Structure formats: structure tokens, C-alpha cells
Protein chains: 2
Amino acid sequence: MQPDLSGLTALEVNLATRTSLGDALTRSARMFGSRTAIADRGRSITYRELDAAAESVGRSLLESGLSHQQPVAMLMGNSWQFVATYFACAKAGLVAMPVNVVLAPEDIAWILNDSGTTTVVADAAFGPLLEKILPGLAEVKSVILVGAGPAASTGGVSTRNWEDLALREPAGPLEVLVEDRDAAQCLYTSGTTSRPKGVLASHTAVFVAGLTNALMQGASWGGEHATLVNVLPMFHTTGLNTLVLPTLMIGGTVVLPGPFDPGAVLDAIEAHRATHVMFLPIMYRALVGTQAAAARDLSSVRLCIYAMAPMPDTLLDQVDEAFPNASVILGSGQTEVVPATVLQWPEHRHTKANSWGPPVPTVEVQIMDNDGTLLPAGESGEIVYRGPHVSSGYWNNADANRAAFAHGWFHSGDVGHLDEDGVVWFTDRLKDIIKSGGENVSSVEVERVVSAAPGVQECSVVGLPDERWGEAVCAVVVAADATTAPAELEAQVIAHAKQHLAGFKVPKRVIVVDELPKTATGKARKHELRAGLSR
Amino acid sequence: MQPDLSGLTALEVNLATRTSLGDALTRSARMFGSRTAIADRGRSITYRELDAAAESVGRSLLESGLSHQQPVAMLMGNSWQFVATYFACAKAGLVAMPVNVVLAPEDIAWILNDSGTTTVVADAAFGPLLEKILPGLAEVKSVILVGAGPAASTGGVSTRNWEDLALREPAGPLEVLVEDRDAAQCLYTSGTTSRPKGVLASHTAVFVAGLTNALMQGASWGGEHATLVNVLPMFHTTGLNTLVLPTLMIGGTVVLPGPFDPGAVLDAIEAHRATHVMFLPIMYRALVGTQAAAARDLSSVRLCIYAMAPMPDTLLDQVDEAFPNASVILGSGQTEVVPATVLQWPEHRHTKANSWGPPVPTVEVQIMDNDGTLLPAGESGEIVYRGPHVSSGYWNNADANRAAFAHGWFHSGDVGHLDEDGVVWFTDRLKDIIKSGGENVSSVEVERVVSAAPGVQECSVVGLPDERWGEAVCAVVVAADATTAPAELEAQVIAHAKQHLAGFKVPKRVIVVDELPKTATGKARKHELRAGLSR
């Protein structure tokens, strides 16, 4: 049964019924025009201003010759202009492509070429980086610089000022055909073991993810004002899809205090009476340390989300104390599926603290073996997902898509199991599992133990090629006190590991380093570690 | 940018990424298998049982020859079998078509013929009705009776027992291709002024509506258990899409105590510790009275929703008192767009009590004049909508669709205005506005005043053809005390109206009746009233 729509244009029906991310901003701006959408380091941008800038930039992008579903690369830090550019693409039917700006220049160049990017929007601060890689970017024809001032230029390529595009006279709403399953964004994974992959997410996917996040965060439409303080990078799905977009979809305020600084973050929470925050465990540690020193009023915060790593019980308790009115929950997911699970139910707080919690209502999780058979509770295999906000696939990578969607499930590349309550227990990334002496060792499990050893600040565990063991469990550790002798620290780690781990899981080697190589979201770059240590 | 999915089947990608209502039940059943999904008059159906029945019935429907997107008519009262049949259709890619069973038999026959229905699922109680209309239903080839016992038959047409289909051995999950914008349901409007129209809603529409309702109802996924007591008919979008489906999408429990009876409803709330309820104002009035006479513990209820009519302040206060921990909110919408608005913010409780409140986050509302121009705040015109859960159109009715989607907005057929806060003020149905002496009179406004006149229990106001006025404002009233003389009541109504209304709005005629003709959701059938009185 489909309706007979003869006599109507495709656009008429599309405008009235579509799932479009651009429309979400339109709606928030219609209801909350004079409310602050984004407080960007002291500058307040109202919903009306944000929406007007998005419409103007979107219109300019189309006028400059970009056509439906072409990508617009964004080399931008967290800013209100980032958000406006993202929504400009959504409204124009273009694909927003925020790029991880902490990647190496050659990786960024690779991404721009792989995606066929013709237009780059960049903060002026990234102008020099761009000039450096431009000679290798055959298809880039247009650069738009944010905050560059009147003399904006990038050698040889047409360069415009973002401000000139954003602050044009309004010309009526930008209404072009955008289909539910058109791509809204393309986020390249950091590609620790292979070339980066462009993860496509449709308007439906980002929209459903946003509603799901709002629901899981207990947010409410406008009435009880949701105020988020965000320091996580918006070129990553967590900052973008879990935090900033859901907040704007329900008329809340996003506070961007700049790069993470404990004092500045606490100031921002207090000044804006933030209701929702999300940090990495290591950031929480810094915050509760600062908080102990200078008691702030953090009573407005109702929800503290963490991710990327489990939080030890002692730290959880400290966060509870510092944020007296907040629930503390763990979110998990990956660029291709976010949110996937949330550890949020009070009864699991202590009994399942090392799990990922149950899947969110819009995701089904199963465990699959190598043959595509689904496994019962308790059995270990690859974590696979289904749901309306699962990525529609990787750009320009049919091989990856065939692997990702085999047997009608999205393959996460993570290993784990489900328990009888449907709660997901993550073991390790498939590629990080260490195969040692015929046994599989979860690097994550060893990390949890080694991190708690005396004298250890943080650690990463990898398998290194070994004639006897196949792979040898190796712990790379950073000392809490730089004056500790490496041999002493090594002995402490081994002693602690022997107490808490089966013999075959105890590290065969302990290597002390000053610093771990990390991704933008604080995960250790294990591929880099392995490569460096195997030499 | 679309991904290259070569080497994959359409079904593999569809299963992993689609927006499907059937999958929503699968997910709830996976997480909460042993939890009660539906408590149907003393019988508890777990999620596992509900999902298994839906899969079995869906499989049987496909095996009996129904093909993708064919309708399945449902002549059913509220029951767990209704819900299982609805989800059976969703899982099988068929269109669930619950029919308003209080319509006249000829209307039901018209609907079955218009939709091209070949298969009808009916409660045994509607067997006689079905036998009566079957001779006029050329296309119906199969009837499935619920609760008919072994001798199920419907003269001449293949008849099976629902129970035989539902309780088959499981045969693995039912996994067929269902697209996001396939129709999930078709609900025929009651057609007060024209033939009934089949309103199609896609999987995306019903799913987004469900998430939006869950968000607006402050529901949470599983943890804090959502328990709904529902007496509204599920063949209507309110019972189905606002109440039952959102509750099941988030793992809550639906309690069906049977037809509305104040004592039984209060018993059910107390016994099940209900968290959410929704009733018509007239039902709240009865509940408040019964509660006053014999108090139950209603402290579990957090949300009291009402709809279809405003509630007077005194009744609102009584509901507050009877449900001490509940917020009281008004929902509005129509079969084609639900939810549309929710009056929920505390600051509007008294200042905007006669409004419909602001639009929900997934809907944009505007006011349009006859030429398709959007009007500014304060100006009156047709209420028009946009959003992902707007109906995809009317079945088999291109004329209605052309009118409904003209100018890229869905036309509600309602007249009203927006205020400066974006709150929607409903004036009247376009077709119920009374044109009297060159003035437009809102029947709704006159009803509000006449309802509050001494001696009046309820009323409906219509315009009747009149030589002098064009249309004359006519109040049809039911006396609170049947012994009041009609002339006396008429005088009281006129006196009260003169006190509270401009002269041209005061009824020219007052007609006392024993009972008002009503739709299944308690709205007066004005078309019928007008027809009866104009004779």
C-alpha cells in the first residue's frame, strides 16, 4: 500500500514528511530562537543565529557548484562555526565530513583524496597544514577559511572567508530535496591497522541516534533546559553524535570551553549550570582532583557520562561525591554504531561495572562465530549489531562492506559475550587479542590489572612476536612517579599481575615509557606501539 | 556519497540497518523476555510469548499467500492478540489495518473494499458482523477468528483459528525485507463529512512517533519500569501510536483492564503500580469521583495525559489531588500526525491552559492562508505540519493527497494560530467553523462556555442553515439532571452565554437531547448532528 501522489512534486512530499537533520535545527530555532544554542568560549550564539548561518553557508555551498551528496571536508576544532557548517551541509543535501585534525598530514591528504573532496572548510589555524598538502590534492578546488581575516588565501586554490558566506542577507529558507537515507556525514576512522575508512551515516541514522541519546540521557524538549559542557572533539562520533547533536535537537545549550583544562571545565559547569557532561575517565580523575582543591557548586549536573574505558570503583565513588545530584553512566559504541550500549541501571553499578551494559532500545546485539552462527549467552565471539542507526556502509570500500554486513549483521570487530541479562561484556578488539601459547589473552583484561599495580599511572598491553609463545604479552607502562627506576616498576607490575591473573596472562615483558601514543579520544594506538616495539 | 554494497544481498543490508517496527518488538523481547508485555484482563503475556506469537502469525500470513505490503484488516477490540497481530504484519512486511469496530457495518464494508483487503483477523465477537457484510466483500478470501473455539467458520469463506496460527512451533526468526518507508499501518479516519480515508504510516513514521512519545512521556528503557494502563481503543492512533507501541518499544508493560469502568481502572492502576495513564477528560471526571468515594493508592502514577478536549481548571486540580505524584499534560494530534503538540511545561499550565501547547521536537507547525503563504504569530489560518512521522498519504485518494501536501506542508484541516512562544492555539476544525452573519464563530469556543453553564452536562455546537444568518449557532445540550425542563435549561444556557460571549456567538437555538452521537474517542459527530437537525 503506497499512496497515489500524482499531481504533487517530489519536493512537496519530501519537505512535509522527511527525516532530515537540517530540519531538526529548523525546528529548534523556530521554538527557541533567542535561546543560546552554543556558548563558544565566551561568545553566545542563539538558535536563530546558528540556523541563519547554516542556511547561508548551505546556500553558498550549492551556489558554488557543489551538487547533491558531494562531501564537504571540515578541518575544524570545536566551535560554533563547526556546528553551523555541519548543519549547512545537512540542509543543502551535501555530506558533512569532519576530519580528525590530529591525524598526520599524509593521512588527512589520503582522506581528502579518497573521498573526492572538492571543497574544504578549515579553521585559519589549519591554513598552513592545508597549504602543505594542497599540492597532492588534485580535486580540491575551493577552500573556505574560518577566522582568517580579509587576506585569506591558500596558494593557488580559490579561497573565501567563511564569515562572508555565513553573514549574508537571509533569502528565505533553504529547501532542497533531502532523502531519509541520503548520507548526512562521513567520518573517517583513525585507521590504526589499515587505511582510514569513511563511515557513512544517513539522515535517518543520525536522527534516530540523536533521539535515542536524548532518551537515554533523560533529556526533555526545551522545558527543563538541557545544558551540555563538551570538550570531546566534534570530528569524532562521540562529541558529535552522542553529545552535541542530541542536545541541539531538543533545544538545549552546548557549552564549548575549549581544550580540556580541569579548572576551565569546572568554571563552565558552574557558570552555565550544566545538566549533562561527558568525559574520559582520565579527565574525571583530573576534575575530581581539582574539585577536591576548590569546592565548586556542581549541583546542577544530573548526568555524568564516561566512555572509552572502564572507571575503577574508587574513581566512580569520587565522581559521585563531586557531582552530588548526578547519575554516572558508561556509554559504548563505535563510529559505525553509536550509541550501542549504555551501562546505566543502578542494579548493575557494582555487579556489572566492567561490562558495557545492555544495548540501547534501538540496537540489537548478538554474538557471532566465524561461520555466521549466533551464539548463546555466555559464549564468546564477535559482537554484531542491527538497528536503524547502524552505518549505511563504508565509502569506496566494497571489501570492507562485504565483511561488515556478512550474514545480515554489522560486524563490530570487537570480541565479547552476552550474559543471561543481555548485558554486553567486551573482551577486546578482535585485532588486539593476544594469541599466546595457544591461549587467547584479552589485552583489555591485562590492562585493567596492570593499571591498578602500584606505581603505574597508565598502561597499554599488546602482543609482540615471540618464537616460543607465538605472541608474548607485553605491558607498556607510564610510571606515576618519573623517578621510579624502571626495573623496580617492572618488578611491581609482575608481582601484582601474578596475584591477579592466570599465569599465561602475566606480561612476559614490561616496558616503561614516558608517554603512550593516543588517538583523539584517548585510546592507545596499539598498532603504533606494536610496530615500534617489534623493530 | 553512497556505499558500494556489491556482493551483498539487499536483505543482508536491510536487516542490519533498517527502521522496522517488527525489530522493535524483537529487541524488547531479547532484553526483557520474561517480563510482562501485556496484562490483558488477568492474563499476563510475556515479551517472549508476544514476540513468538507475532512471528508465528506473520509467518502464517505470508504462507497463506499474502504478499509484501498487502493489508490485513483487524476487527478487534483491545487485547494482547490485537498487539500480536499488529506486530505480525510489521514483521512480515504486511500492512496492519485495525478497523474502527464501532463504525456502522456499511462503513466497515466500504473500508474493507476500498483497501482491497483479502484477509481479515476478527475477534469471534465480530463474527456475526462479518458474516453480515461478507456477501458485499468480493475480495475477502480468508478470515482468521480469535477465540472462536474449534467450530470457527464464516459462511463460505476460508476460516482459521488465530490460536492455531499463533501457537505453532517456532521456526527461527521471520526475516523478510522491510523498507523504512514501507507502510506499517493504515488507519481509516471516521469520515464524519466524507467517505473514510485510509491514513498510511510508514515504519519510520510509527517508529519516530514512538521514540518521540517515549521522550515526551519521560519514559526510560527498561530500567525504571514504565507501566501503562490503557482503555483507549487501539484501532485509533492515540491508543495505538501514542500509548501502546511506545510503551512496548522501551520494554514497559501495557495493562488492558477492558472497557472503561472507573473502579476497574483504579484497581488496575493500584495493582500494577501504573506509571503512565491517559484518559479523556470525561473519564478523568469519573475517576476523580470514584477515587473520592473509595481511595486507592495512586502514588505510582508519574504522568496523566489527556486529549481530545481541554480540561477545566477545577478538574485539573482534582486530577492533581487524586494522582499526587503525577504531571498532567495535554497531547494533541490527528491520525495523520501524532504526536503533534504537547501542553506540558509547568509555566503554561495556567497561562495557556486552553492552548494545545508547543509542537513536539519532531514536528514543525506553521499557520498557512488559503494561498499557501505562511502567516506570522497571532494570525489565524490553517494549521500545517512537517516532520518525519507525518503520514505518507491517503490510500487510493490522489485528490486528498494533492490537497493534503500542497505547498510542501501537511494540511491538518484545523484552524488556529501560533502565539509569540510558538504555542499552538486551536480554533476549530475548518469544516466546523460557523459562518454567521459575516462572522466566523468557533464552535469550540462556544462549547467551552456552554459546557460551563448551570445544568449542562455536555454539549456540542454546530451551525445550521439559516435564511437570515447564513448559518445559525446552535447548541445541542445534555442536561445534568434529566428532570430539568428543556425551556428552563435553554434559558440558563442563553443567559450564561450572553455573560461570556460576544453577541454574535451566542447560540440562536438550544436543543436538549438525551445523548450526543460520538466517535470511539469521545468526539461528538457533528456531521450527524447537523444532518439530523437540518431535516
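What you see is a predicted model, and the numbers here were worked out from it, not measured in a lab. (Residues numbered from 1 in each chain as written. Chains lettered and ligands numbered in written order. Predicted model: local features only at pLDDT ≥ 70, side-chain atom pairs only at ≥ 80, totals over all residues. Heavy atoms only, no water.)

**Focus on the overall build of chain A**
What chain A contains, in helices and strands, is 16 helices and 25 strands. A compact globule built from 535 residues would reach a C-alpha radius of gyration of about 24 Å, and chain A, at 24 Å, matches this within 12%. Each of the 535 residues in chain A was classed as buried or not, and the buried ones make up 62%. Put simply, of all contacts in chain A between residues at least 6 apart along the chain, 65% involve residues at least 24 apart. (Helix = DSSP H or I, 4+ residues; strand = E, 2+ residues; numbered from the N terminus. Rg over C-alpha atoms; globule rule 2.2 N^0.38 Å. Buried < 20%, exposed > 50% of the residue type's maximum accessible area, 1.4 Å probe, protein only. Contact = heavy atoms within 4.5 Å.)

**A short note on the interface of chain B and chain A**
Taken residue by residue, the interface counts 77 residues in chain B and 77 residues in chain A. Buried surface at the junction of chain B and chain A, both sides included, amounts to about 6,000 Å², of which 61% is carbon and sulfur. Taken as a group, B:Met1, B:Leu215 and B:Trp221 account for 15% of the area that chain B buries against chain A, more than any other trio of residues on that side. Where B:Glu364 meets A:Arg30, a salt bridge forms, and the shortest distance between an N and an O atom there is 3.2 Å. Inspection of the region where chain B meets chain A yields 32 residue pairs in polar contact (both at pLDDT 80 or more). Sorting elements by how many residues they give to the side of chain B that touches chain A places helix α8 (residues 203-216) of chain B first, with eight residues. Split into classes, the residues belonging to the side of chain B that touches chain A amount to 41 nonpolar, 23 polar and 13 charged. (Buried area = accessible area lost by both parts, 1.4 Å probe. Salt bridge = Lys/Arg side-chain N within 4 Å of Asp/Glu carboxyl O. Polar contact = N/O pair within 3.5 Å; in protein donor to acceptor, adjacent residues only side chain to side chain. Nonpolar A, V, L, I, M, F, W, Y, C, P; charged D, E, K, R; others polar.)

**Regarding the domain arrangement of chain A**
Residue and element names in this part refer to chain A. When cut into domains, chain A gives domain 1 (10-200), domain 2 (364-430) and domain 3 (433-534). Centre-to-centre separation of domain 1 and domain 2, based on C-alpha positions: 32 Å. Domain 1 puts nine residues into the contact, and the matching count from domain 2 is nine residues. Of the roughly 820 Å² buried where domain 1 meets domain 2, counting both sides, 47% is carbon and sulfur surface. (Domains from an automatic or database assignment.)

**So, the relation of the copies chain B and chain A**
Superposition record for chain B on chain A: RMSD 0.1 Å, screw rotation 180 degrees, translation along axis 0.0 Å. Such a turn and shift between the copies fits a two-fold axis. Considering only C-alpha atoms, the part of chain B nearest the rotation axis is B:Leu215, at 2.7 Å. Mapped onto chain A, 100% of the interface residues of chain B again fall at the interface, so both copies present the same surface. (Least-squares fit on C-alpha atoms with pLDDT ≥ 70 in both.)

**Some remarks on the pairing of strand β5 (residues 119-123) of chain B**
All names here are of chain B. Most of β5 sits out of view: five of its five residues are buried. A two-sided burial pattern is seen for β5, the buried positions comprising Thr 119, Val 121 and Asp 123 on one face and Val 120 and Ala 122 on the other. Two strands pair when backbone bridges link them, and β5 and strand β6 (residues 142-146) are joined in this way by five bridges, in the parallel orientation. Within β6, the position partnered with Thr 119 by the bridge is Ser 142. Once the chain exits β5 it traverses helix α6 (residues 127-133) before rejoining the sheet at β6, and the crossover so formed is right-handed. (Pairing = 2+ DSSP bridges. Right-handed = clockwise from strand over helix to strand, strands pointing away.)

**Remarks on the sheet that holds strand β15 (residues 337-343) of chain A**
All names here are of chain A. Read across the sheet, eight strands follow the order β2-β1-β11-β10-β12-β13-β14-β15 without closing on themselves; strand pairing throughout is mixed. Looking along the sheet, the strands with just one partner apiece sit at the ends: β2 (43-46) and β15. Strand after strand, the sheet turns through a mean of 25 degrees between neighbouring axes, direction not considered. As paired strands, strand β1 (residues 36-40) and β2 are joined by four bridges and run antiparallel to one another. Paired with Thr 36 across the bridge in β2 is Thr 46. This element, helix α8 (residues 203-216), spans β14 (327-334) and β15 of the sheet and lies at about 15 degrees to β15. Packed onto the sheet, helix α9 (residues 237-249) meets β1, β10 (227-229), β11 (253-256), β12 (276-279), β13 (303-306), β14 and β15 and runs at close to 140 degrees relative to β11. (Axes fitted to C-alpha atoms, helices over the stretch in contact; angles between N-to-C directions.)

**Let's talk about the packing of aromatic side chains**
Scanning all chains against the criterion turns up 17 aromatic pairs over all chains. The interplanar angle of 35 degrees and the centroid separation of 6.1 Å between the aromatic rings of A:Phe32 and B:Trp345 together place this pair among those described as tilted. Here A:Phe32, found in the loop between α2 (21-31) and β1, pairs with B:Trp345, found in the loop between β15 (337-343) and β16 (364-368), and the two come from separate chains. Per residue, the accessibility class of A:Phe32 equals that of B:Trp345, and both read buried. A cation over an aromatic ring shows up here: A:Arg386 above the ring of A:Trp409, its NZ or CZ 3.9 Å from the ring centre. (Phe/Tyr/Trp six-rings, centres within 6.5 Å; stacked < 30°, edge-to-face > 60°. Lys NZ or Arg CZ within 6 Å of the ring centre and 35° of its normal.)

**Side note on helix α10 (residues 262-272) of chain B**
Residues of α10(B) that are buried include every one of B:Pro262, B:Gly263, B:Val265, B:Leu266, B:Ala268 and B:Ile269, and no others. Looking one or two places after α10(B), you find B:Arg273, whose phi comes out positive at around 50 degrees.

**Brief notes about the pattern of salt bridges**
Using the criterion set out here, one finds 39 salt bridges over all chains in the structure. Among the ionic pairs, A:Arg168 bridges to A:Glu63, the shortest N-O distance being 3.1 Å. You can see A:Arg168 sitting in the loop between α7 (162-166) and β8 (183-188) and its partner A:Glu63 sitting in helix α3 (residues 47-63), a full 105 residues away along the chain. Between B:Asp432 and B:Arg530 there is a salt bridge, and its shortest N-O distance comes to 3.2 Å.

**Brief notes about the UniProt feature "domain: AMP-binding enzyme C-terminal" (unreviewed entry) in chain A**
According to UniProt, the positions carrying the feature "domain: AMP-binding enzyme C-terminal" (unreviewed entry) are residues 445-523 of chain A. Within residues 445-523 of chain A, the helical portion is 28% and the strand portion 32%, while the C-alpha atoms at the span's ends are 15 Å from each other. (UniProt positions renumbered as here; feature names shortened; annotations may be inferred.)

**Concerning the packing of α2(A) against α8(A)**
Residue and element names in this part refer to chain A. With their axes 9 Å apart at the nearest point, α2 and α8 run at an angle of 45 degrees to one another. In terms of axis orientation, α2 runs oblique to α8. Contacts between α2 and α8 pair Leu 21, Ala 24 and Arg 27 from the former with His 203, Val 206 and Phe 207 from the latter. Across the contact of α2 with α8, the residue classes tally to four nonpolar, one polar and one charged. (Parallel < 35°, antiparallel > 145°, perpendicular 65-115°, else oblique.)

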